[in-house]
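# Structure assessment
Residues per chain, in single letters:
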Amino acid sequence: MQTDEPETSEKKHLNPHLWVDLYADYLYAFAITRLHDENLVRDLLQETFLAALERKDNFEGRSTEKTWLTAILKNKIIDVYRAKSSGLKKNVLTEQDDADFFDSKNGHWNDEHRPALFGIEQSKALENKEFQKILQACMKKLPSLWFAVFTLKYIDDESTQTICRELKVTASNFGVIMHRTKVSLRSCLQKNWI
Amino acid sequence: MKELNANELKKIAYNCRKATFLIEKQQVEKITAREQLELKIHLAGCSICVTFMQQSLVINQMVKKLFQSDAIKLKLDDSFKHHLQKRIEDHLEKN
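If you're wondering where the values come from, they're calculated on a predicted model, not measured in any experiment. (Residues numbered from 1 in each chain as written. Chains lettered and ligands numbered in written order. Predicted model: local features only at pLDDT ≥ 70, side-chain atom pairs only at ≥ 80, totals over all residues.)

The next subject is the overall build of chain B. Along chain B, the regular secondary structure elements total 5 helices and 0 strands. Reading the secondary structure of chain B in the N-to-C direction produces α-α-α-α-α. Taking all 95 residues of chain B together, 28% fall into the buried category. For chain B, the proportion of contacts with a sequence separation of at least 24, taken over those separated by at least 6, is 65%. (Helix = DSSP H or I, 4+ residues; strand = E, 2+ residues; numbered from the N terminus. Buried ≥ 20, exposed ≤ 12 C-beta atoms within 10 Å, placed from the backbone. Contact = placed C-beta atoms within 7 Å.)

Okay, the overall build of chain A next. What chain A contains, in helices and strands, is 8 helices and 0 strands. Reading chain A from its N terminus to its C terminus gives the helix and strand order α-α-α-α-α-α-α-α. Every one of the 194 residues in chain A was classed for burial, and the buried ones make up 35%. Look at the contacts in chain A between residues 6 or more apart in sequence, and 65% of them connect residues 24 or more apart.

Turning our attention to helix 3 (residues 38-54) of chain A. Its 17 residues place the ends of helix 3 of chain A 24 Å apart at the C-alpha level, agreeing with the 24 Å of an ideal helix rising 1.5 Å per residue. Among all positions in helix 3 of chain A, only A:Val41, A:Leu44, A:Leu45, A:Thr48, A:Phe49 and A:Ala52 are buried. Projected down its long axis, helix 3 of chain A shows its buried positions confined to an angular sector of 135°, all on one face. Along helix 3 of chain A, the residues that are exposed and aim more than 90 degrees away from the buried face are A:Asn39 and A:Glu54. Residues of helix 3 of chain A that are buried sit in contact with helix 2 (19-35) and helix 4 (65-86) of chain A together with helix 5 (78-94) of chain B. (Expected span 1.5 Å × (residues − 1). Arc of directions from axis to C-beta.)

Tallying the contact residues gives 41 residues for chain B and 47 residues for chain A. Mapped by element, the contributors of at least two residues to the side of chain B that touches chain A are helix 2 (16-28), helix 4 (47-66) and helix 5 of chain B. By residue number, the principal contributor to the side of chain B that touches chain A is helix 4 of chain B, which donates 15 residues.

All names here are of chain B. Packing of helix 2 against helix 3 (residues 33-45) leaves a shortest axis separation of 10 Å and a crossing angle of 125°. As the angle between them shows, helix 2 and helix 3 are arranged oblique. As helix 2 packs across helix 3, the resulting crossing turns out to be left-handed. Judged by residue contacts, Ala19, Leu22 and Ile23 of helix 2 engage Glu35, Glu38, Leu39, His42 and Leu43 from helix 3. Taken together, the residues of the contact of helix 2 with helix 3 sort by class into 5 nonpolar, 1 polar and 2 charged. (Axes fitted to C-alpha atoms, helices over the stretch in contact; angles between N-to-C directions. Parallel < 35°, antiparallel > 145°, perpendicular 65-115°, else oblique. Left-handed = near helix turned anticlockwise from the far one by under 90°. Nonpolar A, V, L, I, M, F, W, Y, C, P; charged D, E, K, R; others polar.)

Take the domain arrangement of chain A next. Residues and elements named next belong to chain A. Taken domain by domain, chain A consists of domain 1 (8-86) and domain 2 (95-193). Between the C-alpha centres of domain 1 and domain 2 the distance comes to 28 Å. Residue-level contacts link 9 residues of domain 1 with 9 residues of domain 2. Broken down by class, the residue content of the side of domain 1 that touches domain 2 amounts to 2 nonpolar, 3 polar and 4 charged. (Domains from an automatic or database assignment.)

Positionally, B:Leu74 belongs in the loop between helix 4 and helix 5. The exposed category is assigned to B:Leu74, around which 12 C-beta atoms lie within 10 Å. Beyond its immediate stretch of four places on either side in the chain, B:Leu74 contacts A:Tyr28, A:Ala29 and A:Ile32.

Judged by nonpolar contacts, the single largest core of 50 residues is most densely connected at A:Ala24, A:Leu27, A:Tyr28, A:Ala31, A:Leu45, A:Leu135 and A:Val149. Considering each element in turn, this core owes the most residues, 11 residues, to helix 2 of chain A. Per-domain counts for this core show at least three residues from each of domain 1 (8-86) and domain 2 (95-193) of chain A. Contacts of A:Leu135, omitting those with residues within four sequence positions, involve A:Leu189, B:Met62, B:Val63 and B:Leu66. Counting 14 residues, the second largest nonpolar core, distinct from the first, contains A:Val183, B:Cys16, B:Ala19 and B:Phe21. (Core = buried A, V, L, I, M, F, W, Y, C linked by C-beta atoms within 7 Å.)

Interpreting fine coordinate detail is not advised for predicted regions of low pLDDT. All names here are of chain A. For chain A, the mean per-residue pLDDT works out to 86, and 87% of the residues sit at or above 70. No element of chain A has a lower mean pLDDT than helix 1 (residues 8-11), at 45, and none a higher one than helix 3, at 96. Low pLDDT (under 50) marks residues 6-11, which in the prediction has 3 contacts with non-local residues, meaning those over four places away or in another chain. (pLDDT = per-residue confidence, 0-100.)

On to the environment of A:Lys153. Note that A:Lys153 resides in helix 6 (residues 144-154). Contacts of A:Lys153, omitting those with residues within four sequence positions, involve A:Glu158, A:Ile163, A:Met178 and B:Val28.

Here's what the structure looks like:
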């Protein structure tokens, strides 16, 4: 494997000639796991490199080249998320929309979605490739706004404030989305596993 | 903290939607002492939501694993890499 994060001595400089060799696969994997759209991802990679060239004088060497490029790409991905979700009329969710997971009157689990033990209660399930595959498929089925909110929070460690601002989601909707996403992922895993 | 009356206690004890909402909420932010108590009361009597909580935490870890871009063996094809390289070199020459 290549050493793609040069330490101290090279940290302050950018070397665009090596960007494709060093980072293209990484950035591609980063984007395709978030957008699932081959052509769009290719466009974004190109835009990322070109945008980085445009502003390479702004690079202060406080982060590595790789982190800096990834941040540029991530902003472009957030732009896509925003464009996708702003087209949706129904960005407002209420807890009542959970009616299919829970009984709307008393909040009990509905039969179809009630959690059962099926092997993902302990972290040893992490090693199970089948679970990973099913989970991946389940994630692709999420509404795009939910997917965006959920991954920005758990994968990209963005603050709730940033996510709400960028994706124009209210704080209370944020909570509802996080809840529904998890309930739905869990249910999907169980359904496809058993 | 306000005392929970019997009616409120009953509502919490049986409301799995509320309990799972709190389970998710506490994974991303601090929940209030009252919410903690509500959740504790619910979980004491609801093994289904205990299972949910265990599975929810494992799902978080699984999702993180799915997104480790360093470990993902997806590769861009060479022809597109050449294309990218050329765009970069062209740009560098121009400037």
